[in-house]
Amino acid sequence: MAHPYNAIVVGARCAGSPAAMLLARKGYKVLVVDRATFPSDTISTHILHPLGAAALARWGLLERLTATGCPAIHTYTYDFGPFTLAGAPGTPDAPVAYCPRRTILDKLLVDAAADAGAEIRENVIVEEIVQENGRVVGIRGRSKGGAAVVERADIVIGADGRQSLVAETLRPEHYHEKPPLLAGYYSYWSNLPMDGRFETYIRPNRGFAAAPTHDGLTLIVLGWPYAEFDANKRDVEGNYLKTLEGVPHFMARVRAATRESPISGACVPNYFRKPFGPGWALIGDAGYNKDPITAQGITDAFHDVERCVTAIDESLSGRRPFDAAMADYQRARDEHVLPMYQFTCQLATLEPPPPRTQQLFAAIAGNQSAMDSFVQMNAGTISPAAFFAPENIGAIMAAAHPTAGSQASRTTIALDAD
């Protein structure tokens, strides 16, 4: 082996620990470093959609999660005011979602990586990505106690989030970029039962959602357009409550509940980064990020990790050249996530849907099969590209207006190609 480790993973949360676990299970020597200790929290919408739960099941970890008492979510609802669309988000093999606290999920993933044989070092601050002759060969940093940390590996994997030091150092190509679109705020409430439902409410220039999580708590996350960020930050709590008051029947439930945490907020850019180069790779938010309004981050990270680990294994084992394997990984990642990225960026503007989309939503209401498909599209179970395909939209419109015939079949709704 050219270096003490086959892989060093920088960052141990929802992308880093699964990557380390999967590589270690393949027999590679893996080091994971993170500035945090676990368990610890991080700002997150932390919805685990059904296909994300399916990844945990493939890894043998879903039972560990359910054993923590995380409630299952069997129904998603989308309240548009005049009507509500409600349906089942999953598949027969992966029927439910979860909303696990990051204190619990991240610790579970770190422990799974350690169980697989990865070396975990917490409280390590990486200060430099070491390069030699144009290739990444390791890391340099220090423990929070001050001890120097210098390690080398065949590949350094950046799983260190939006502000990735790996990405900052290597400066990969950015594409499909969009600025922050939404200002999002999070808090936890007790005595706000959800009965297995993930509820979303859409109003003009406002949106919020609620989901049950650990310890009998409910997460409420809401947002307003980024253009209002500066004005509204002067009174975040007042504007947060005013947004909830826009849906009186939900606000009545909130008045009977108790807020158990401060209100935390985040605004994020939207981007793709080229996820590899000589001796390095990017996974999770370090490689691709979008607004949290569709809560796809954890599920995306799990799928991204599986693709990337497959490519890294092909390279480290000598079966394929690194550049060829990783280029295929990048193409597969982008093809899979781009339709949801486009849909998410449109949704995050909080602009009223155009008339054709409003007609579509009205046609979906009351059609359980169509409502299930709509919910599954928002959950990432099916692609927005498939849901908004002309033949699917035509079938929905024709079912709602059987006498409209060819006019309904010509209804099309496009996703923004940029």
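Residues numbered from 1 in each chain as written. Predicted model: local features only at pLDDT ≥ 70, side-chain atom pairs only at ≥ 80, totals over all residues. Heavy atoms only, no water.

Here we take up the pattern of salt bridges. Taken as a whole and assessed by the stated rule, the structure comprises 24 salt bridges. With a closest N to O distance of 3.4 Å, arginine 320 and glutamate 314 form a salt bridge. Among the residues examined, arginine 320 registers a relative accessible area of 28% and is labelled partly exposed. One salt bridge in this structure joins arginine 331 and aspartate 328, with 2.1 Å as the shortest N-O distance. Here the residue arginine 331 and the residue aspartate 328 both occupy positions in helix α10 (residues 322–348), the gap between them amounting to three residues, near one helical turn. Through salt bridges with shared partners, one network takes in Glu314, Arg320, Asp328 and Arg331. (Salt bridge = Lys/Arg side-chain N within 4 Å of Asp/Glu carboxyl O. Buried < 20%, exposed > 50% of the residue type's maximum accessible area, 1.4 Å probe, protein only. Helix = DSSP H or I, 4+ residues; strand = E, 2+ residues; numbered from the N terminus.)

Approximately 1200 Å³ is the volume attributed to the largest pocket. Lining the largest pocket are 47 residues; nearest its centre among them are Thr42, Asp160, Gly161, Arg162 and Asp285. At the level of elements, β6 (124–132), β19 (288–289) and α9 (297–316) are the ones that each hand at least two residues to the lining of the largest pocket. In terms of residue count, α9 provides more of the lining of the largest pocket than any other element does, five residues in total. (1 Å grid on protein atoms, 1.4 Å probe; cavity = no way out; pocket = protein on both sides within 12 Å on 5 of 7 lines; lining within 4 Å. Points joined across faces, edges and corners; volume = space filled by probe spheres on them.)

Its place among the elements puts cysteine 70 in the loop between α3 (62–66) and β3 (75–79). It is 27 Å that separates the C-alpha atoms of cysteine 70 and arginine 121, two residues lying 51 residues apart in sequence. What cysteine 70 contacts, discounting residues up to four positions off in sequence, is Leu65, Tyr98, Cys99, Pro100 and His214. (Contact = heavy atoms within 4.5 Å.)

This brings us to the side chain of glutamine 376. Within the element layout of this structure, glutamine 376 appears in helix α12 (residues 368–379). A polar atom in the side chain of glutamine 376 sits 3.2 Å from the backbone oxygen of alanine 88. Glutamine 376 has contacts with Ala88, Pro89, Gly90, Thr381 and Ile382, leaving out every residue within four places of it along the chain. (Polar contact = N/O pair within 3.5 Å; in protein donor to acceptor, adjacent residues only side chain to side chain.)

In the contact formed by helix α1 (residues 16–25) and α9, the axes pass within 9 Å of each other and the chain directions differ by 35°. Of the two possible hands of crossing, α1 and α9 adopt the one that is right-handed. Only Phe302, Val305, Glu306, Val309 and Ile312 of α9 make contact with α1, whose side of the interface consists of Pro18, Ala19, Leu22 and Leu23. (Axes fitted to C-alpha atoms, helices over the stretch in contact; angles between N-to-C directions. Left-handed = near helix turned anticlockwise from the far one by under 90°.)

With that settled, consider the nonpolar core. Of all hydrophobic cores here, the largest spans 51 residues; its most connected members are Val30, Leu56, Ile283, Phe302 and Met326. Where this core is concerned, the elements lending two or more residues are β1 (5–10), α1, β2 (30–33), α2 (50–58), α4 (102–116), β8 (148–158), α9 and α10. It is α9 that provides the largest number of residues to this core, a total of eight residues. Each residue touching valine 30, except ones within four places of it in the same chain, is listed here: Tyr5, Ala7, Val9, Ala20, Leu23, Ala24, Ala118 and Glu119. Counting residues in each nonpolar core, the second largest holds 34 residues, with Ala209, Ala295, Leu360 and Ala370 among its members. (Core = buried A, V, L, I, M, F, W, Y, C linked by side-chain atoms within 4.5 Å.)

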